[in-house]
Amino acid sequence: MPSDPDKIILVHTCCGPCAEYPTRELLTAQYQPTLLYYNPNIQPQIEWRRRCDSLRKLADLLELELIVVGSAETEKWELMRDKAERCRYCYNTRLRKAARYARDHGFTIFTTTLLVSPYQDREQILALGHKLASQYKLDFFAADWRPGFRAGQQMAKDHALYRQRYCGCVHSLSESKFKDKILTEHLALENDTVPFD
Ligand code: SF4
């Protein structure tokens, strides 16, 4: 463990591209981030693995510890028809696990790379982060990384990381205008005919 406990932070991380900018910012501010990949909403399992592998590539590049927990939970998400309810459940599931992991492993601060995305519900994530922090006696690092979103995507491109085109769950996949292409890629990956990024 590094020497300054106030600089040790657990970062719930949704994918490699979204981790680029926040981790650089944290490292510049002398934080020591540990990345946690817990995203049962990333579906199907082949996509979960694809994003996990892309994040691992970044973690190796930055020499950061990466903790991987769980797997895709497609059936659970499939049952949730209402979008608002589903996204609420999705944020809650992931951030609660991150807060619990932080508490159980000696972290005092946690955050999430969801705060870099202009496509996520920032207000909901902030409210939840603060609530969980209070519940688990932690600090929630409530950064606004959104101005660095595009820069982060460019960094991911420079690092040749896989950049996904849908949020994560099967519902968001079926709504994506790239659905057919994505499904073809999934099939190719399943059949092992293309290498993972
Ligand atoms: S749209 Fe995104 S945030 Fe909402 S449930 Fe699906 S994966 Fe989660």
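Just above, that's the structure.
Residues numbered from 1 in each chain as written. Predicted model: local features only at pLDDT ≥ 70, side-chain atom pairs only at ≥ 80, totals over all residues. Heavy atoms only, no water.

### Details of the packing of aromatic side chains
For clarity, the cut-off: In this analysis, rings of Phe, Tyr and Trp, with Trp reduced to its six-membered ring, are considered paired at centre separations within 6.5 Å, and the interplanar angle assigns stacked below 30 degrees, edge-to-face beyond 60, and tilted for intermediate values. Helix and strand assignments follow DSSP, with helices taken as H or I runs no shorter than four residues and strands as E runs no shorter than two, numbered in order from the N terminus. Only protein chains enter the accessibility calculation, which uses a 1.4 Å probe; a residue is then buried when its area is under 20% of its type maximum, exposed when over 50%, and partly exposed in between. Criterion for a charge above a ring: Arg CZ or Lys NZ at most 6 Å from the ring centre, at most 35 degrees from the ring normal.
Following the criterion strictly, the structure yields six aromatic pairs and no others. On the basis of an interplanar angle of 65° and a centroid distance of 5.2 Å, the ring pair of Tyr-37 and Trp-48 is categorised as edge-to-face. On the criterion of sequence distance, the pair formed by Tyr-37 in strand 2 (residues 32-37) and Trp-48 in helix 2 (residues 45-62) is long-range, its members being eleven residues apart. Under the relative-accessibility criterion, Trp-48 is labelled buried at 8%. Pairing Trp-77 with Tyr-89 gives two aromatic rings, centres 5.2 Å apart and planes at 65°, and the pair type is edge-to-face. Placement of the pair is Trp-77 in helix 3 (residues 74-78) and Tyr-89 in helix 4 (residues 83-104), with a sequence separation of twelve residues. What links up through ring pairs into an aromatic cluster is the set Tyr-31, Phe-141 and Trp-145. Directly above the aromatic system of Phe-178 lies the positively charged group of Arg-165, at a separation of 5.3 Å from the ring centroid.

### Regarding the site of the ligand
For clarity, the cut-off: Each residue is tested against the molecule or strand, and it is near if at least one of its non-hydrogen atoms lies within 4 Å. Cavities and pockets were defined on a 1 Å grid built from protein atoms only: a cavity is a group of points that admits a 1.4 Å probe but offers it no way out, a pocket is an open group of points flanked by protein on both sides within 12 Å along at least five of seven lines, and a lining residue is one with an atom within 4 Å of any such point. Grid points define the cavity or pocket, and a molecule sits in it when more than half of its atoms lie within 2 Å of them.
Neighbouring the ligand are the residues Asn-41, Trp-77, Arg-86, Cys-87, Cys-90, Gln-120, Cys-167, Gly-168 and Cys-169. If you map the ligand onto the pockets, it falls in the largest pocket. Of all the elements, helix 4 adds the most residues to the shell around the ligand, at three residues.

### Side note on the pattern of salt bridges
The criterion, for reference: The salt bridge definition used is simple: a Lys or Arg side-chain nitrogen within 4 Å of an Asp or Glu carboxyl oxygen.
The final tally for this structure, using the stated rule, is nine salt bridges. Glu-185 is paired through a salt bridge with Arg-50; the nearest N and O atoms lie 2.9 Å apart. Of the two residues, Glu-185 is situated in helix 8 (residues 179-190) and Arg-50 in helix 2; the sequence distance between them amounts to 135 residues. On the accessibility criterion, Glu-185 (16% relative accessible area) is buried. Residue Arg-50 is classed as buried on the basis of its relative accessible area, which comes to 9%. The salt bridge involving Glu-185 is made with Arg-165; its shortest N-O contact spans 3.1 Å. Residue Glu-185 is found in helix 8, and its partner Arg-165 is found in the loop between helix 6 (149-158) and helix 7 (170-175); the two are separated by 20 residues along the sequence.

### What about the layout of surface pockets?
The condition that has to hold: Grid points are joined across faces, edges and corners, and a volume is the space filled by probe spheres set on the points. Throughout this entry, Asp, Glu, Lys and Arg are counted as charged residues, while Ala, Val, Leu, Ile, Met, Phe, Trp, Tyr, Cys and Pro are counted as nonpolar. The remaining residues, Gly among them, count as polar.
Here the largest pocket defines a volume of roughly 730 Å³. Lining the largest pocket are 34 residues, and of these Ser-117, Tyr-119, Gln-120, Tyr-166 and Cys-167 sit closest to its centre. Of all the elements, helix 4 adds the most residues to the lining of the largest pocket, at seven residues. Along the lines of polarity and charge, the residues of the lining of the largest pocket split into 16 nonpolar, nine polar and nine charged.

### Side note on the sheet that holds strand 4 (residues 109-112)
Rules: Two strands qualify as a pair provided that DSSP identifies no fewer than 2 bridges between them.
An order of 3-2-1-4-5 is seen for the five strands of this open sheet, with the pairing classed as parallel. Every other strand in the sheet has two partners, leaving strand 3 (66-68) and strand 5 (139-140) as the edge strands with one partner each. Sheet topology places strand 2 next to strand 3; three bridges connect them, and they run parallel. The partner of Leu-36 across the bridge, within strand 3, is Ile-67.

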